[in-house]
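Commentary on secondary and tertiary structure
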Amino acid sequence: MPKLIAPLTDIQIRTAKPLEKPYKLSDGGGLYVEIMPHGSKLWRMKVRQANGKESILSFGAYPGVALVDARAERAKAKQQQAAGIDPAQNKRIEKQQQKESAINTFELIAREWHANKSEMWKENTAKEAINRLQNDVFPMIGKRAIVDVDAPLLLDVLRLVEKRGAVDMAARLGQLCSQIFRFAIAKGLIKYNPVPDMRGALKPRARGHHAAIGTDELPAFLVALQKNEAEMYLPTRILMRLMLLVFIRTSELVETPWVEIDLENESWVIPWQRMKMGKKKINPRKLDHHVNLPRQGWALLRDLHAVTGGGIYLFPNRNDHKRPASNGAILQALKRMGYGGKHTGHGFRSLAMGVIKARLKYRHEVVNRQLAHGSDDEYGEAYDREQFIEERKAMMQAYADYIDMVEQGGNVIPVSFKRV
């Protein structure tokens, strides 16, 4: 009959004195505390493996691990044995997982995700993404194990961004973090993405159309542009004029490289990958976009080429010519003109559509194709590309001539401009 062992008490453990050699105080069931010569009191448990060999589990030091906690670990080990699990092996696995979790911090995984994504992003997009994380996320949770970052913790981080009035930024950061968590799930580091659990907890992003002036406001706008051009950097002045004359999106213009421009043959074709539909992978026919500049536009590009033609981009960044200018150049110019919040880079597209449809009477599908909007018809975009080119060229020239007429004080649309 096995010898009965009286359970330990806190007083017994607390008052146990070290001796010259280690000794044990048993609590029963294989659990004991080992009193070391230097005074440490370590929890141990002797377990018998399935092959008959014995192994020792370590549960930590007393009083950091209290008597009740050590007993809970003993119960857990016995449950594992009953289920056919080797407690010693399981302990080693848990220890390795804890070690990996400590290494796999949110910042480490985020940077790994960013390096992976950067291969597919433009340089500016990649830089903007990492800057947002470095400024607003890493200082708060970067050193935490990614497995420990839950929805309430991430919500606290994003609400700090909201509090400074950056509601859209908070939403974009949430989207970035969601991608990072999905990346961690794919690597087997975590089991769920906490971002969807925050749905409804953040302030809604402002929705609505981009600010744009109407067709009746065009004359006053052109007057303001003329007054401010003398103070503008030459490339910025040309950028504003081209925004008036072409219908491409702001980023598509400021990021244009000179290799897309053929001044001799007056041809400008934007590869489909640079267009919005290309970026969203909803351009199955991979159609490039013909810009169809009017003669006024080609004159502007020739003037610009004399200034920036030796570099990569039409509109290089003033601090680093290897990068394109930012969209902010247009917004800043508009702000100086007194149109901050009233008109945007995207607003030029709305203005052009209004003038061409309401004043010049061109068909909607012709304007729409020049705006590089997708066609709902499976074969529509191919038809647009082949059949509308000449009509679009005429339309673009008519629009540029109309801008000149308005700027010169004209208020009657010549019959030659009209297209019914």
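Attention in this report is confined to the structure presented alongside it. (Residues numbered from 1 in each chain as written. Predicted model: local features only at pLDDT ≥ 70, side-chain atom pairs only at ≥ 80, totals over all residues. Heavy atoms only, no water.)

1. Some points on the overall build of the chain
For the chain, the helix and strand inventory stands at 18 helices and seven strands. Sorting the 420 residues of the chain into buried and exposed places 45% on the buried side. Put simply, of all contacts in the chain between residues at least 6 apart along the chain, 58% involve residues at least 24 apart. Carbon and sulfur atoms form 51% of the exposed surface of the chain, whose accessible area is close to 23,600 Å². (Helix = DSSP H or I, 4+ residues; strand = E, 2+ residues; numbered from the N terminus. Buried < 20%, exposed > 50% of the residue type's maximum accessible area, 1.4 Å probe, protein only. Contact = heavy atoms within 4.5 Å. Areas by Shrake-Rupley, 256 points an atom, 1.4 Å probe, with all protein chains shown as cover.)

2. A look at the pairing of strand 2 (residues 31-35)
The element strand 2 is extensively covered by neighbouring structure, given that five of its five residues are classed as buried. Going residue by residue along strand 2, you find Leu31, Val33 and Ile35 tucked away on one face and Tyr32 and Glu34 tucked away on the opposite face as well. Pairing geometry for strand 1 (residues 23-28) and strand 2, over five bridges, is antiparallel. Paired with Gly28 across the bridge in strand 2 is Leu31. (Pairing = 2+ DSSP bridges.)

3. Let's talk about the nonpolar core
Counting residues in each nonpolar core, the largest one holds 57 residues, and the members touching the most others are Trp268 and Leu301. Put simply, the parts of the chain that give this core at least two residues each are helix 9 (218-229), helix 10 (234-245), helix 11 (250-254), strand 6 (267-270), helix 13 (295-308), helix 14 (328-336), helix 15 (347-359) and helix 18 (389-407). The element that contributes the greatest number of residues to this core is helix 18, accounting for nine residues. Ignoring anything within four residues of it in the chain, the contact list for Trp268 reads Val246, Ile248, Leu253, Thr256, Glu260, Ile261, His289, His290, Val291, Leu293, Trp298 and Leu301. One finds Phe138, Leu154, Val157 and Phe183 within the second-largest nonpolar core, a separate group that totals 32 residues. (Core = buried A, V, L, I, M, F, W, Y, C linked by side-chain atoms within 4.5 Å.)

4. Details of the environment of Ala75
For Ala75, the location among the structural elements is in helix 2 (residues 67-82). With a relative accessible area of 37%, Ala75 lands in the partly exposed category.

5. Digging into the sheet that holds strand 4 (residues 54-62)
Strand order in the open sheet formed by four strands is 1-2-3-4, and the pairing between neighbours is antiparallel. The open sheet terminates on both sides in strands that have one partner only, identified here as strand 1 and strand 4. Taken over all neighbouring pairs, the strand axes of this sheet differ in orientation by 30 degrees on average, direction set aside. Seen against the sheet, helix 2 touches strand 1, strand 2, strand 3 (41-48) and strand 4 and runs at an angle of roughly 15 degrees to strand 3. (Axes fitted to C-alpha atoms, helices over the stretch in contact; angles between N-to-C directions.)

6. Digging into the sheet that holds strand 5 (residues 261-262)
One open sheet accounts for three strands, arranged 5-6-7; its pairing is antiparallel. Unpaired on one side and paired on the other, strand 5 and strand 7 (289-290) mark the two borders of the sheet. Looking at chain direction, strand 6 and strand 7 are connected through two bridges and run antiparallel. Counted as the bridge partner of Val269 is His290 from strand 7.

7. So, the packing of helix 4 (residues 106-118) against helix 8 (residues 167-186)
Here helix 4 crosses helix 8 at 95 degrees, and the two axes come no closer than 9 Å. Overall, the two elements helix 4 and helix 8 adopt an arrangement that is roughly perpendicular. Residues Phe106, Ile109, Ala110, Glu112, Trp113, Asn116 and Lys117 of helix 4 touch helix 8, and the partners they reach there are Leu176, Cys177, Gln179, Ile180, Phe181, Phe183 and Ala184. (Parallel < 35°, antiparallel > 145°, perpendicular 65-115°, else oblique.)

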